[in-house]
Amino acid sequence: MNVLIAAPEAVPYAKTGGLADVAGTLSVELIKARVQARLIMPLYRRVMDSFDVGEPAASVDVRIGGRVHRGNIYKYKSAYFIGCDEFFDRPELYGTPAGDYPDNARRFIFFSKAVLLAAKAMDFRPDIIHVHDWQAALVPLYLKAAARADSFFAGAKSVLTIHNLGYQGLFPPDVLPLAGLGWELFNPEAVEFYGKVNFLKAGIFGADIITTVSPTYAKEILTPEQGFGLEGFLKKRESLVKGVLNGIDCSTWNPAKDPYISCNFSAGKPDGKAECKKGLAARCGFTKNPGAPLISFIGRLSAQKGVDLIARAVPDIVAQGANILFLGKGDEAYQKALGELEGRHKGSVAVEIGFDEEFSHLIYAGSDIFLMPSRYEPCGLGQMIAMRYGTPVVARKTGGIADTVGDYMPLEGKGTGFLFEDASADGLKLAIKNALCAYRSGGWMDMVKSAMRMDFSWKRSVSRYIEIYKNLAGGSG
Ligand code: ADP
């Protein structure tokens, strides 16, 4: 079975969020499971700078409106990269903190069209094309057309994975002809969304199966609270919507072997974690009380992640004698607000603005408590990584968090985190209070060890995807 994974980002090449972990790891794990899998993604500047992708193996001409753009196809390991300097030779993937790149529609129409042309140019005949998020969501419709016109694609099926329904790729109607789609599709039963063209909706409309990244989120996206206006459209296709929980790359995220951390540790030998905490507290300048409980947050600085809730809880956290550290990048307003909190609570609050994978390892390893007060969380990788590094989480009970974190039960002393339901600063403060109380009473180490013993490996998710692919490919006769 040939599976082409089309994604706008993937580890180890380019990453802004969890989608990259999923796309990159899935393609590698599929190959381990003897599936012929290829990853295909844009050749961004940061990929060119860090990987020697060599000379183009082929090139394709992509028509967008009246213009033809040349795409160069590079092969590197089991990945294909589509290069086009005009679109992808930029410092960021999708935009700057000031906003999205204004030509994102063109950029990802180009990418989506080039996916099929590249598959053909590289003679990789897909049984399944598995596309991720709105940036690749036009591919299923293109595939349907190609399967009718070209025997190379006959019988090929598509899977769309929605990593975050909050990002849909909405553009004005004049994008439709650029995308090569007919006006008959510009209606609410197809790709129109309140007068705009909705790329993700096009994917939901065109894909043979729709998956999302946790069983709970698969139910939540069918509700008005979490459906972002697409709940009705999804509900009509409910039988096609499946939830497959993400895994984490347990070789990259392994406290027993992690090369970045100062002292390795495991559930059987947890002592090194204290050493990691010492180093982290020193690096963060937690001079007032270096040994105090160390609470951390890593993630995009956005409303989705509940950064504003944490910001409002900070004075309370400091008053309770804990230190708090943020690593993140995102909305300018949050970057500024966190900077101010750092200034106000010198020695107890540390803020690092940026995306720093290496530092994130030190934080997961050296923290006592990891915060994830997300308003919604399709799956969430942070909480799984934190637990693997023996860091219980304080998190909102939503999406994949509800599927992965065991809420602490004081009487039985069981659990791997502290969950709260109300998306408010008070809800978060209460959960933090409970966590700090448990931290300061006996039994915390048991929680640390049970968190480390949880299995978040990819094995289970990959076999679920293979089952989905096989059912689809079998269905085509
Ligand atoms: P998202 O909604 O952003 O995909 P996830 O929890 O699913 O959230 O995945 C986020 C991933 O990105 C985690 O692996 C997390 O460690 C990483 N990450 C997020 N922000 C940063 C950052 N500023 N620096 C380093 N890693 C980060």
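## Re empty space enclosed by the protein
Counted by the stated rule, this structure contains one cavity of 30 Å³ or more. Taken as a whole, the largest cavity spans an internal volume of roughly 50 Å³. Surrounding the largest cavity, Asp21, Thr25, Gly247, Ile248, Asp249, Trp253, Leu381 and Trp458 form its lining. Looking at the lining of the largest cavity, its residues break down into four nonpolar, two polar and two charged.

## Regarding the environment of Leu428
Examined against the element boundaries, Leu428 turns out to sit in helix α16 (residues 425-440). Put simply, Leu428 and Phe418 are ten residues apart on the chain and 9.6 Å apart in space, counted from C-alpha to C-alpha. With residues near it in sequence (within four places) discarded, Leu428 still touches Leu309, Ile310, Ala313, Leu371, Pro373, Val394 and Phe420.

## Thoughts on the site of the ligand
The immediate surroundings of the ligand are formed by 21 residues, with Gly18, Arg300, Lys305, Gly354 and Tyr364 found nearest. Separating a nitrogen atom of the ligand from a backbone N or O atom of Asp356 is a distance of 3.0 Å. In this structure, Tyr364 approaches the ligand through a side-chain N or O atom, which is 2.6 Å from an oxygen atom. In the complex, the protein chains occlude 92% of the 560 Å² of accessible area that the ligand would expose alone.

## Quick word on helix α10 (residues 272-284)
The terminal C-alpha atoms of α10 lie 19 Å apart, and with 13 residues this matches the ideal 18 Å at 1.5 Å per residue to within 8%. Those residues of α10 that fall on the buried side of the exposure criterion are Gly272, Lys273, Cys276, Lys277, Leu280, Ala281 and Cys284. Close packing links the buried residues of α10 with β15 (294-301), β16 (323-330), β17 (349-353), α13 (357-366), α16 and α17 (444-452). In the segment just after α10, Gly285 is the residue with positive phi, at about 70°.

## Quick word on the sheet that holds strand β12 (residues 196-198)
Within the open sheet, the three strands sit side by side as β10-β12-β11. Their pairing is antiparallel. Strand pairing shows two members of the sheet lacking a second neighbour, β10 (170-171) and β11 (192-193), which therefore form its edges. Examined bridge by bridge, β10 and β12 share two bridges and lie antiparallel to one another. What sits directly across from Leu170, in β12, is Asn198. Helix α7 (residues 199-206) contacts β10, β11 and β12 of the sheet and is inclined by roughly 55° relative to β12.

## Section: the nonpolar core
In summary, soluble globular proteins display a tendency toward joint burial of nonpolar side chains. Of all hydrophobic cores here, the largest spans 106 residues; its most connected members are Leu30 and Phe81. Top element by residues in this core is helix α4 (residues 104-121). It accounts for ten residues. Not counting residues up to four positions away in its chain, the partners in contact with Phe81 are Tyr13, Met41, Pro42, Leu43, Val47, Val53, Asn72, Ile73, Tyr74 and Tyr76. Residues Ile317, Tyr364, Met384 and Ala395 belong to the second largest nonpolar core, which totals 70 residues.

## Quick notes on the domain arrangement of the protein chain
Considered domain by domain, the protein chain is made up of domain 1 (2-247 + 458-472) and domain 2 (272-452). Using C-alpha coordinates to define each centre, domain 1 is positioned 32 Å away from domain 2. Opposite the 22 residues of domain 1 that make contact, domain 2 presents 18 residues. The interface formed by domain 1 and domain 2 holds one salt bridge in total. With a shortest N-O distance of 3.6 Å, Lys329 and Glu92 are connected by a salt bridge. Between domain 1 and domain 2 we count nine residue pairs in polar contact (both at pLDDT 80 or more) in total. Take the side of domain 1 that touches domain 2: its biggest share by element is four residues, from helix α8 (residues 215-220). In terms of residue class, the side of domain 1 that touches domain 2 is built from eight nonpolar, ten polar and four charged.

## Points about the side chain of Asn254
Tracing the backbone shows Asn254 in the loop between β14 (241-243) and α10. A relative accessible area of 16% places Asn254 in the buried class. Those residues in contact with Asn254 that lie beyond four places of it in its chain are Arg388 and Tyr389.

## Examining the pattern of salt bridges
Evaluated as defined, the whole model comprises 18 salt bridges. Asp89 is the partner of Arg45 in a salt bridge, and the nearest nitrogen-oxygen pair spans 2.7 Å. One end of the pair, Arg45, is in helix α2 (residues 45-50); the other, Asp89, is in the loop between α3 (85-88) and β6 (95-96), and 44 residues separate them in sequence. On the basis of relative accessible area, Arg45 is assigned to the partly exposed category, the value being 32%.

## A short note on the packing of aromatic side chains
Counted according to the given criterion, the structure contains 30 aromatic pairs. A ring pair is formed by Phe108 and Trp134, whose centres lie 5.5 Å apart and whose planes are at 75°; its orientation type is edge-to-face. One end of the pair, Phe108, is in helix α4; the other, Trp134, is in the loop between β8 (128-132) and α5 (139-149), and 26 residues separate them in sequence. When its relative accessible area of 0% is taken as the criterion, Phe108 is described as buried. The interplanar angle of 65° and the centroid separation of 6.0 Å between the aromatic rings of Trp134 and Phe199 together place this pair among those described as edge-to-face. Of this pair, Trp134 sits in the loop between β8 and α5 while Phe199 sits in helix α7, and the two are 65 residues apart along the sequence. We classify Trp134 as buried; its relative accessible area is 9%. When the ring centre of Phe233 is taken as reference, the NZ or CZ atom of Lys201 above it lies at 4.6 Å.

Reading guide: rules and limits
Residues numbered from 1 in each chain as written. Predicted model: local features only at pLDDT ≥ 70, side-chain atom pairs only at ≥ 80, totals over all residues. Heavy atoms only, no water. 1 Å grid on protein atoms, 1.4 Å probe; cavity = no way out; pocket = protein on both sides within 12 Å on 5 of 7 lines; lining within 4 Å. Points joined across faces, edges and corners; volume = space filled by probe spheres on them. Nonpolar A, V, L, I, M, F, W, Y, C, P; charged D, E, K, R; others polar. Helix = DSSP H or I, 4+ residues; strand = E, 2+ residues; numbered from the N terminus. Contact = heavy atoms within 4.5 Å. Near = heavy atom within 4 Å. Polar contact = N/O pair within 3.5 Å; in protein donor to acceptor, adjacent residues only side chain to side chain. Areas by Shrake-Rupley, 256 points an atom, 1.4 Å probe, with all protein chains shown as cover. Expected span 1.5 Å × (residues − 1). Buried < 20%, exposed > 50% of the residue type's maximum accessible area, 1.4 Å probe, protein only. Pairing = 2+ DSSP bridges. Axes fitted to C-alpha atoms, helices over the stretch in contact; angles between N-to-C directions. Core = buried A, V, L, I, M, F, W, Y, C linked by side-chain atoms within 4.5 Å. Domains from an automatic or database assignment. Salt bridge = Lys/Arg side-chain N within 4 Å of Asp/Glu carboxyl O. Phe/Tyr/Trp six-rings, centres within 6.5 Å; stacked < 30°, edge-to-face > 60°. Lys NZ or Arg CZ within 6 Å of the ring centre and 35° of its normal.

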